[in-house]
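Okay, here's what each chain looks like letter by letter:
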Amino acid sequence: MAQRDLYNVLGVDKKASQEDIKKAYRKLARRYHPDRNPGDKQAEERFKEVSAAHDVLGDPDKRKQYDRGGMFTGVGQGGGGAGGFGGFDAGSFSDILSNLFGGGGEAGGATRGQRAPRAERGRDLEAEVSISFDQAIHGAQIPLTVPTSQRCATCHGTGAKPGTAPKVCPRCQGRGIESEGQGLFSISQPCSLCHGQGTVIEDPCPTCHGSGAVRTLKKYRVNSPAGVRDGSRVRLAGKGEPGRNSGQPGDLYVITRVTESPIFRRRGDNVEVEVPLTIPEAIRGAEVEVPTLGGRKKLRVPPGTKHGTVQRLRGEGPPRLSPGSRPPRGDIHYRFVIDVPASLSEEQSEAVDKLSEVMNGNPRARLFT
Ligand SMILES: [Zn+2]
Ligand SMILES: [Zn+2]
């Protein structure tokens, strides 16, 4: 496989700022992350390539070296040789993911020289709750069960058997990365022994087998506010996966799915209802009963109401979510539709015949003037 220019790999200009490089890397790493592309070998290769390019260009010193020499043996060679990233595993992937979502975290290697294991922010989780239209309008408490991992109680998250402690990794001396020297140049990759953790566990905890975490189901009651809409996304800070090495927990995002109502259709802050009228009701006007979100109401239909006419009932719609909204509730829109019978009784048929005798103007005449 041919050597690739690292700037090309990240799709940035040679003059790109460190910030631009970081941004480009994050974007690509998200796109090709193995968690998002399960089983996709090509995406995995791209991901490794992008990570390797960022390892060099993301570090101003290494970048200078690279710019001077232009050569970095091993980087971007997919063929599983000595320069490959065979030691990359899920642990290091989640490490990178946590950096991506961690916000303020330094993406470079500022803390890598230290011996203490790096704090890793826990992963963000996403869960969906389904509620009925009624629950969406009036608010509800929805039980939610989220599969997640929890800090192992036996080893308190260290992964080491009680009474023992993780040891500084003998391969990387706790740096979490291995460097392969090529004279002036060197390539770095996550340590193949400790997978970037900087520590190794000699006696694994019997409960969690060294991972420091156990799978668990967390149960919540989610308060769904009155007026919530389909697809709304709420962030519950700190309710995601726990962090490692005293890292912060991730967040839980709850997405609300609202089942459709056969009667009411949501339209932004309002709801719409179709109200059928008979032909005489549309012509003569009428007082008709219509459903509201809390019961029913009488509406005056004026004589001569046209098909598709909308009447608004202000402030009777769904509650608005943003605090202090004025008015606090949306409207209900009643859309009148004229109910045209598909078949007629003999009596109705005669009545229509009579009607056409007396209502015999041509309403289309003005189309041709
Ligand atoms: Zn190591
Ligand atoms: Zn444990």
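Scroll up a little and you will see the structure.
Only a predicted model underlies this, so the values are computations on that prediction, with no experimental measurement involved. (Residues numbered from 1 in each chain as written. Chains lettered and ligands numbered in written order. Predicted model: local features only at pLDDT ≥ 70, side-chain atom pairs only at ≥ 80, totals over all residues. Heavy atoms only, no water.)

**Regarding the pattern of salt bridges**
As a reminder of what qualifies: For this document, the term salt bridge refers to a Lys or Arg side-chain nitrogen within 4 Å of an Asp or Glu carboxyl oxygen. Here a strand is any run of E in DSSP of at least two residues, a helix any run of H or I of at least four, and the numbering for each starts at the N terminus. The buried label goes to any residue with under 20% of its type's maximum accessible area, the exposed label to any with over 50%, and the partly exposed label to all in between, with areas taken from a 1.4 Å probe on protein chains only.
Applying the stated criterion across every chain, the model contains 20 salt bridges. Its salt-bridge partner being E128, residue R257 comes within 3.6 Å of it at the nearest N-O pair. Highlighted residues: R257 in strand β9 (residues 252–258) and E128 in strand β1 (residues 125–131), separated in sequence by 129 residues. The shortest N-O distance in the salt bridge between R296 and E289 comes to 3.3 Å. Judged by its relative accessible area of 62%, R296 is exposed. Residues participating in the shared-partner salt-bridge network are R121, D124, R235 and D251.

**What to know about the coordination of the zinc ion (ligand 1)**
Convention followed: Excluding water, the donors of a metal are its N, O and S neighbours within 2.8 Å, or within 3.2 Å for Na, K and Ca, and that exclusion means sites may look incomplete. In these descriptions, tetrahedral denotes four donors with every angle between 85 and 135 degrees, square planar four donors and octahedral six donors with opposite donors over 155 degrees apart and the rest between 65 and 115, and irregular any other case.
In the first shell of the zinc ion (ligand 1), the protein supplies C169 (SG), C172 (SG), C191 (SG) and C194 (SG), at 2.2 to 2.3 Å from the metal. For the zinc ion (ligand 1), the 4 donor atoms in the first shell make angles of 103 to 115 degrees at the metal, so the coordination geometry reads as tetrahedral. Coordination of the zinc ion (ligand 1) draws on donor residues from a single chain, spaced C-x2-C-x18-C-x2-C in sequence. A residue pair is termed long-range when its members are at least 10 positions apart, and C172 in the loop between β3 (167–168) and β4 (177–182) and C194 in the loop between β5 (185–190) and β6 (199–200) qualify at 22 residues. Given the relative accessible area of 3%, C172 is considered buried. Overall, C194 belongs to the buried group, its relative accessible area being 4%.

**Details of helix α2 (residues 18–32)**
Formally: Residue count minus one, scaled by 1.5 Å, sets the expected span of a helix.
Here α2 is 15 residues long and its end C-alpha atoms lie 21 Å apart, about the 21 Å a rise of 1.5 Å per residue gives. For α2, every residue scored as buried is listed here: I21, A24, Y25, R26, L28, A29 and Y32.

**A closer look at the side chain of R63**
Selection rule: A 3.5 Å cut-off defines polar contacts: any pair of N or O atoms within that distance qualifies, except that in protein one atom must be a possible hydrogen donor and the other a possible acceptor, and neighbouring residues in sequence count only when both atoms are side-chain atoms.
With respect to the helices, strands and loops of the structure, R63 is situated in helix α4 (residues 60–69). Side chain to side chain, R63 and Q18 meet in a polar contact 2.6 Å long.

**Side note on a nonpolar patch on the surface**
Here is the rule: Patch definition: residues with relative accessible area over 30% and no salt bridge; like charges joined within 9 Å; nonpolar side chains (Val, Leu, Ile, Met, Phe, Trp, Tyr) joined within 5 Å. Method for areas: the Shrake-Rupley scheme with a 1.4 Å probe, in which residue coverage is limited to the protein chains shown.
Among the surface-exposed residues, L355, V358 and M359 lie close enough to one another that they form a single nonpolar patch of about 310 Å² accessible area. Inspection of the secondary structure puts L355 in helix α8 (residues 346–358). A relative accessible area of 38% means that L355 is categorised as partly exposed.

**A look at the sheet that holds strand β15 (residues 332–338)**
To keep things clear, this is the line we draw: In this description, strands pair whenever DSSP reports at least two bridges between them. Only C-alpha atoms enter the line fits that serve as axes; for helices the fit covers just the stretch in contact. Angles between N-to-C directions range over 0 to 180 degrees.
Pairing within the open sheet is mixed, and its 4 strands lie in the order β10-β11-β15-β14. Both edges of this open sheet fall to β10 (264–267) and β14 (310–313), since each of them pairs with a single strand only. For this sheet the average axis-to-axis angle between neighbouring strands, irrespective of direction, equals 30 degrees.

**Things to note about unusual backbone geometry**
With a phi angle near 55 degrees, Q173 is a residue other than glycine that sits in the positive phi range. Among the secondary structure elements, Q173 is positioned in the loop between β3 and β4. Located in the positive-phi region is H209, a residue other than glycine, with phi close to 55 degrees. Mapped onto the fold, H209 is located in the loop between β6 and β7 (213–224).

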